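Topology and contacts: notes
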Amino acid sequence: MKTLTKDPLNLIIAGVGGQGNVVISLLIGKAFIREGYFVTIGETYGASQRSGSVMSHLRISRETEYSPFIPSGRADIILGMEPVETLRILQQFGNSDVITIANSRLIHAAGMEYPSLDKIVEAIEGLSAKSWLINATDEAVKLGDPIFANMILIGALVGSGIFPIDSKSMELVLRESFPGEKLETNMVAFNKGMELVVQ
Amino acid sequence: MSGVGIDAPGSTQLFIGNEAIARGALEAGIGLASAYPGTPSTEIMESLISVAKEKNFYAEWSINEKVALEVAAGASFAGIRAITSMKQNGVNVVFDFLANIVMSGIGAGLILVSCDDPSAISSSNEQDTRHIAKWLDIPLLEPGTFQEAKDMTKWAFDLAEELNSICMIRSVTRIAHARGNVTLGELPKKEQKAHFDSICPVVPTLPKFIPYPSAWLHSQLHAKLDKARELFESSPFNWYTGPEEAELLLITCGSCWLYSLEAVNALKLESKVGILKLGTIWPLPQKLIETHLGKSQKILMVEEIDPFLEGSIKELVADLPPDSPHPRFYGKHSGHINAYGELNPDMVIEAIAKIMGLAYQPRDPEYSKKAEEVPITYMPPRIMTFCPGCPHRAAFWAIKNALRLDGRDGFVTGDIGCYSMAIGPAGFFQERTMYCMGAGAGVANGLGKLGQFGFNQPVLAVCGDSTFFHATIPALINGIYNQSNFTLIILDNNATAMTGFQPHPGTGVTGMGETTRAVDMEALCHSLGVQVEVCDPFDLENTTATLLKALAQDGGPRVVIMRRECELVRARRDKKPLYKVHVDPDKCLGEACGCDRLCTRVFGCQGMVWDSESGKANIDETICTSCGVCADICPQGAIIREAV
C-alpha cells in the first residue's frame, strides 16, 4: 500500500455539469475507504449541474475527518475534465506544489465565446508544478461514448504515479461498481488513461 | 450506487449525509417513509424507497410535504415509526399540521428532517429551519458529521417516543450532499404490528391525537422541552475540544463544526482556541453551555445561516446571575461571520485571524500574484441553463414569440422547477415572477382581476406537472371560481425533473415502482369546466399558434398543456437520439447572415457552438442530444434535421 505524501491529501475534480464528477469522486473515494482512510467529498449539486461549472473536493486522511471544502490555495492535485474549468479551479485553489491532470477537450459555455485553447493550456501549465494534458474525450469517443473520458482520467490519475492508490485497488472498485459488460469498456478506458500519462 | 440497506454492521461506507440519515432511519426500524422531493433533501427518500420492498416497509413520494407529514403521522398514530423529509421550503408547506401535531403528541417515533440550503444553491430562499423548531417548541437535532447524521437519526426515534413529541432533524447542503465515512450499525429484524389506539395514557377521557385542550397541552409541551433539555445536557452529540482555559471559544453546530476544526488547525491555534460543538440545538443544553462560557472571555459563534445559536445563547446569558461570566460575543451581529449565505473554512479562518490579530497566508504570494494575473476572459462563466434537448427551452421560445406577436406586453408568472431557469437567458428572461410552488398561478389570479384598473396585459402562469399536483390545483380552481383572466401553461415533462425524475400522481407509477392509476390532468381540468389545449413544445409553430389563441381569449382561466417528456428520461430509456442534426456549412452564412448568431447567442443550447475559425455555427456532437428544435429557428435553414 502506498502512503499519503501529505495529510490531508486535497484533490479537486473540476468539470462541467453532466461530465460525471460525482461518479469519479465516488469511485476514487471508495478506493480510499477500502484501504481504511477517512474520506470526505464535497460536491456541487443542484441548479449548477445543468451544464454549469462543477467541482468535487476530496479530502483524504489517515488521521481524521475533514470538511467538504478545501480552503483556497490548498489543493494538492487537480483533475480537470475541461480546460477552462481546470484553470478556474487552479486560480482559486492552486499553489506552487499543485499537480494537474486535465482533459484538453473543451466544452463551450452557452452563449459565450471560448477563449484560445493554447492560451488556456499555457496558463494551466504556468500555474502547475507538474501537469499532464490529455485528450480524454477524443479517446472516449473512439470507445463509443464521450462519457468514458472520466474513466480515462481516473486511469491517468492512477497511472501518473502521483496518487497513493495503485491500479489493482482501483480495479477492485471498478469491478464492484460496474455490472457485466459495462465493466469491460470501463476497464479499457481506465487502462487507456494509464497509458496516456506514461507515454 | 446507494448501499443504505447493506446488512454489514461494523463496516464503513462512504455515504452522503442524506444516505446516512436514511440508514439511521433503517436502523431505527421505520415502517413508513414519506416525502416530496426537494434539493438538498431528495436522496433521503431516494435511498429509502430503493430498499423499501426488500426491508419490508412502506415508502412513498407524496403529493406535497404537508400530505407527506400527515401520512407519516398516520403511521405514528398506529404505533409504526415514520420519517418524512423535505427541503426548507417544504417545512413552510407542513407548518399548519406541524404547529398542531406538536401540541397533541404522537404514537410511535415520528421524525421530520429538513435539509436547509445555505446560499440557496438550489432554492428560492435560504431560510433557517431552526427558528421553526424554537417557535413551535419542537426538539431539534443537527448533525455535524456523516456518522452523526446516521447515529442521530436513529436516536431521534427513541427521543421522540420518550418525549411523546415529534422531533426534527436539521441538516444543511454540505452535510446532505457531502460524503464521508459512516460505520454501520445493526438493522432490526423484528415484526411490527399496526394498531390505532387513541386513549390518552395520562387522562383517559382526553383525546390523544387532538390538540385540545390547547393551553393545558401547551404547558405540557413546555414540560417536554424541560425533559429534552435535561437529556441533552449529557448527550454525546455535544462535545468540547481544546484547552481548559481558552483565549477564544468557538461555539458551533452542523457543517460549521468541521470548518471550525479546520480553521483552528490551519492557524495552529489548537492550544489557544477551544471549540464547543453542539448537536442538540433546541432546546439548548443550558448547563453545558454555561460551564463552557466560563472558559473564555471571547466567544465566536460559527453557524449557518441565521444567528440562531448566537441569539439563543445571549438570551441564556441574560438570565445568568450577575456574578456569572459575561464574555464578549463575536459572530453575525459583530460582523465577523456573515449573517447570510453558507460558510466555509476560509471564512472561519478569517474571522478567527481578525479576532486574534493574526495574519494568514494560504499560499505563496508570488503564486497568488500569478494566479490573479490570469485574464478573466480566459474563464467565461457558465450560466444556469436548461439541459441540451430540454423541452422547456422550446416552450419558452414559443412563449416569447407568442407574447411578442400578441404585442400587448404580456408576461409570464412562474414558480419552482427546472423551468425556473426561465428567469434568465436559458428561457429568454420570460419568467417575470418566481416565488414558491404554485405561486405563478396564484399571482396570476390577482393580476387577472385588474381589468377595472385598465390592466390589459396578457398573463401566462407556468407550472410543471409535479408542481401542478403539489400546489397549483387550488390556484386554478380559485381562478375558475372567481373568473380571473389568465392562461395556465402546464409544462408537462412527465417527471419531477429538477430533483431527479421522481414519479408523481400524473405518471402512473408509484415511488416504489408499482403501476397505479395516473391522474389525468386534462380530464381533471375538463371536469373543472376549463378549456384545455395540448401541444408539443418541440413543434414551435403549433405551440406558438396555440398560445396566441389562448392569449386572445377573455374571461376565466384556460389551460395549455405543453407535453414533451424530459429528454434525460427519454434518452436514458430509448438510448438513441430522436434525429441526426448537423449544420450545413454552405447554408450557414455566419456573421454575414444578419441573424447575429441567433442559434448560439440567443437560443443558447449548449450543443450549438460558434466556430470562430470558420466563422460559422457548428454542433458539438458530444453535447447535442439531437432534439432537432434548432432546425426550426435558423433563418437560413442551415441546421439540418434528419430522421434516424
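The residue numbering used here restarts from 1 in each chain and proceeds along that chain's sequence as written. Chain letters start at A and ligand numbers start at 1, both assigned in the order the entries are written. Since the coordinates come from a predicted model, pLDDT governs what is reported: local features require at least 70, and pairs of side-chain atoms require 80 or more to be given and counted, while whole-chain, interface and lining totals use all residues.

1. Things to note about the overall build of chain B
What counts here: For the purposes of this entry, the term helix denotes a DSSP run of H or I that reaches at least four residues, the term strand denotes a run of E that reaches at least two, and both are numbered from the N terminus. Our radius of gyration is a C-alpha quantity, and the globule rule it is checked against amounts to 2.2 Å times the number of residues to the power 0.38. Note on burial: count the other C-beta atoms lying within 10 Å of the residue's C-beta; 20 or more is buried, 12 or fewer is exposed, in between is partly exposed, and C-beta positions come from the backbone. Placing a C-beta atom from the backbone of each residue, one calls two residues in contact when those atoms lie within 7 Å.
When you go through chain B residue by residue, the secondary structure sums to 20 helices and 24 strands. Taken over C-alpha atoms, the radius of gyration comes to 28 Å for chain B, in line with the 26 Å a tight globule of 644 residues would show. Over its C-alpha atoms, taken along the principal directions, chain B stretches across nearly 80 × 75 × 60 Å. Here chain B holds 644 residues, and 52% of them are scored as buried. Here the contacts in chain B between residues at least 6 apart in sequence split such that 79% fall between residues at least 24 apart.

2. Focus on the overall build of chain A
Summing up its helical and strand segments, chain A has seven helices and six strands in all. Shown N-terminal to C-terminal, the secondary structure of chain A runs as helices and strands in the order β-α-β-β-β-α-β-α-β-α-α-α-α. In terms of overall dimensions, chain A is globule-like: its C-alpha atoms have a radius of gyration of 16 Å, near the 16 Å expected for 199 residues. Burial analysis of chain A (199 residues in total) assigns 60% to the buried set. The contacts in chain A between residues at least 6 apart in sequence include a share of 68% that link residues at least 24 apart.

3. Regarding the interface of chain B and chain A
Note the cut-off: Three classes are used: nonpolar for Ala, Val, Leu, Ile, Met, Phe, Trp, Tyr, Cys and Pro, charged for Asp, Glu, Lys and Arg, and polar for all others, with Gly counted as polar.
On the chain A side, the residues contacting the 52 residues of chain B number 52 residues. Its residues assigned to classes, the side of chain B that touches chain A comprises 27 nonpolar, 15 polar and 10 charged.

4. Considering the sheet that holds strand E5 (residues 110–116) of chain B
All names here are of chain B. Spelled out, the test is: What makes two strands pair is DSSP finding at least two bridges between them.
The sheet built from seven strands is open, its strands ordered E3-E2-E4-E5-E7-E6-E12 with mixed pairing. At either margin of the open sheet sits one strand with a lone partner, and together these are strand E3 (58–61) and strand E12 (280–282). For strand E4 (residues 82–87) and E5, the ladder comprises six bridges, and the chain directions are parallel. The residue bridging Lys87 from the neighbouring strand is Cys115, located in E5.

5. Brief notes about the domain arrangement of chain B
Our working rule: Boundaries of every domain are those given by an automatic assignment or by a domain database.
In terms of domains, chain B is made up of domain 1 (12–233), domain 2 (239–356), domain 3 (391–573) and domain 4 (576–643). Its C-alpha centre places domain 1 of chain B at a distance of 50 Å from the equivalent point of domain 4 of chain B.

6. Concerning the environment of Ile63(B)
Residue and element names in this part refer to chain B. Relative to the assigned elements, Ile63 resides in the loop between E3 and helix H3 (65–77). Judged by local crowding, Ile63 falls into the partly exposed class, with 18 C-beta atoms found within 10 Å. Separated by 403 residues in sequence, Ile63 and Ser466 have C-alpha atoms that sit 8.1 Å apart. Dropping the residues within four chain positions of it, Ile63 is found in contact with Phe469, His470 and Pro505.

7. Focus on the nonpolar core
For clarity, the threshold we go by: What we call a nonpolar core is a set of buried Ala, Val, Leu, Ile, Met, Phe, Trp, Tyr and Cys residues whose membership is set by joining through C-beta atoms within 7 Å.
Within the largest apolar cluster, 250 residues are counted, with the highest numbers of intra-cluster contacts made by Leu153(A) and Ala33(B). When residues of this core are assigned to their parent elements, the largest contribution, nine residues, is made by helix H6 (residues 146–163) of chain B. Ignoring any residue separated from it by four or fewer positions in sequence, one finds Leu153(A) in contact with Ile24(A), Leu79(A), Met81(A), Ile101(A), Asn103(A), Ala136(A) and Gly193(A).

8. Remarks on the packing of helix H2 (residues 83–93) of chain A against helix H3 (residues 117–126) of chain A
Residues and elements named next belong to chain A. For clarity, the threshold we go by: Helix axes are fitted to C-alpha atoms over the stretch in contact, other axes to C-alpha atoms as well, and angles between N-to-C directions run from 0 to 180 degrees. Left-handed describes a crossing whose near helix is turned anticlockwise from the far helix through less than a right angle; right-handed describes the clockwise counterpart.
It is the contact of H2 with H3, at a shortest axis distance of 10 Å, that shows an interaxial angle of 35°. Read as a crossing pair, H2 and H3 show a hand that is left-handed. When H2 is examined against H3, the residues Pro83, Val84, Thr86, Leu87 and Leu90 are found in contact with a partner set consisting of Leu117, Ile120, Val121, Ala123 and Ile124. Considering only residue class, the contact of H2 with H3 consists of nine nonpolar, one polar and no charged.

9. Notes on helix H9 (residues 256–266) of chain B
Residue and element names in this part refer to chain B. For H9, the tally of buried residues reaches nine of 11 residues, placing the bulk of the element in the interior. Listed as buried for H9 are Cys256, Trp257, Leu258, Tyr259, Ser260, Leu261, Glu262, Ala263 and Val264. Of the surrounding secondary structure, the elements contacted by the buried residues of H9 are strand E10 (248–253), strand E11 (273–278), strand E13 (298–302) and helix H12 (345–356). Taken from the residues just after H9, Lys268 is the one with a positive phi, measuring 55°.

10. Let's talk about the sheet that holds strand E8 (residues 179–183) of chain B
One open sheet holds the eight strands; their spatial order is E6(A)-E5(A)-E4(A)-E1(A)-E3(A)-E2(A)-E8(B)-E1(B), and the pairing between them is mixed. Only two strands of the sheet have a single neighbouring strand rather than two, namely strand E6 (130–134) of chain A together with strand E1 (12–16) of chain B. The sheet shows a mean angle of 20° between the axes of neighbouring strands, direction not considered. Pairing of strand E2 (residues 38–43) of chain A with strand E3 (residues 53–61) of chain A involves six bridges; the strand directions are antiparallel. Bridge assignment links Phe38(A) to a residue of E3(A), and that residue is Ser61(A).

11. Section: the packing of H9(B) against H12(B)
Residue and element names in this part refer to chain B. Test applied: Angle categories: roughly parallel below 35 degrees, roughly antiparallel above 145, roughly perpendicular from 65 to 115, and oblique for all the rest.
Axis separation between H9 and H12 bottoms out at 8 Å; the angle between their running directions is 55°. The angle between H9 and H12 places the two elements in the oblique class. Read as a crossing pair, H9 and H12 show a hand that is right-handed. Between H9, through Tyr259, Ser260, Glu262, Ala263 and Ala266, and H12, the contact on the second element is made entirely by Pro345, Val348, Ile349 and Ile352. For the contact of H9 with H12, the residue count by class is seven nonpolar, one polar and one charged.

12. With respect to the environment of His222(B)
Structurally, His222(B) can be placed in helix H8 (residues 214–233). Considered as a pair, His222(B) and Gly79(B) are 143 residues apart in the sequence and their alpha carbons are 24 Å apart.

13. Re the confidence of the model for chain B
Low-pLDDT portions of the prediction should not be read for the details of their coordinates. Filter applied, for reference: The score called pLDDT rates the predictor's confidence residue by residue, from a low of 0 to a high of 100.
Confidence in the prediction of chain B, expressed as mean pLDDT, is 96, and 100% of residues score 70 or more. Scored as a whole, the predicted complex attains pTM 0.97, and scored at its interfaces, ipTM 0.95.

14. Some thoughts on the pairing of E6(A)
Both faces of the sheet carry side chains from a regular strand, because those side chains alternate between them. Residue and element names in this part refer to chain A. Basically, it comes down to this: Handedness of a crossover is defined as follows: orient the strands so they point away from the viewer, and if the path from the first strand over the helix to the second runs clockwise, the crossover is right-handed.
Summarising the sheet, strand E5 (residues 99–103) and E6 pair through five bridges and their orientation is parallel. Its bridge partner lying in E6, Thr100 is registered against Ser131. Taken together, E5, H3 and E6 constitute a β-α-β crossover, and its handedness is right-handed.

15. Description of unusual backbone geometry
Cis geometry is found at the peptide bond from Asp7(A) to Pro8(A), where omega equals 0°. The omega torsion of the bond from Thr39(B) to Pro40(B) falls at 10°, within 30 degrees of zero and hence cis. Relative to the helices and strands, Pro40(B) is located in the loop between strand E2 (32–35) and helix H2 (42–51). Its identity as a non-glycine residue notwithstanding, Asp596(B) has a phi of 55°, on the positive side. Its 8 C-beta neighbours within 10 Å are what place Asp596(B) among the exposed residues.

16. A word on helix H14 (residues 391–406) of chain B
All names here are of chain B. What counts, and what does not: Expected helix span is given by 1.5 Å per residue-to-residue step, counting one fewer step than there are residues.
If you check H14, its first and last C-alpha atoms are 22 Å apart, about what 16 residues at 1.5 Å a residue would give, namely 22 Å. When we look at burial in H14, the residues that qualify are Pro391, His392, Arg393, Ala394, Ala395, Phe396, Trp397, Ala398, Ile399, Ala402 and Leu403. Note on H14: the residue one or two positions beyond its end, Gly407, has a positive phi of about 75°.

17. Digging into the environment of Gly607(B)
All names here are of chain B. Along the chain, the position of Gly607 falls in the loop between helix H20 (598–603) and strand E22 (608–611). The exposure class of Gly607 is buried, given the 24 C-beta atoms found within 10 Å. Between the C-alpha atoms of Gly607 and Thr625, which are 18 residues apart in sequence, the distance is 7.6 Å. Excluding anything up to four places from it in sequence, Gly607 contacts Pro388, Ile619, Asp620, Ile623, Cys624 and Thr625.

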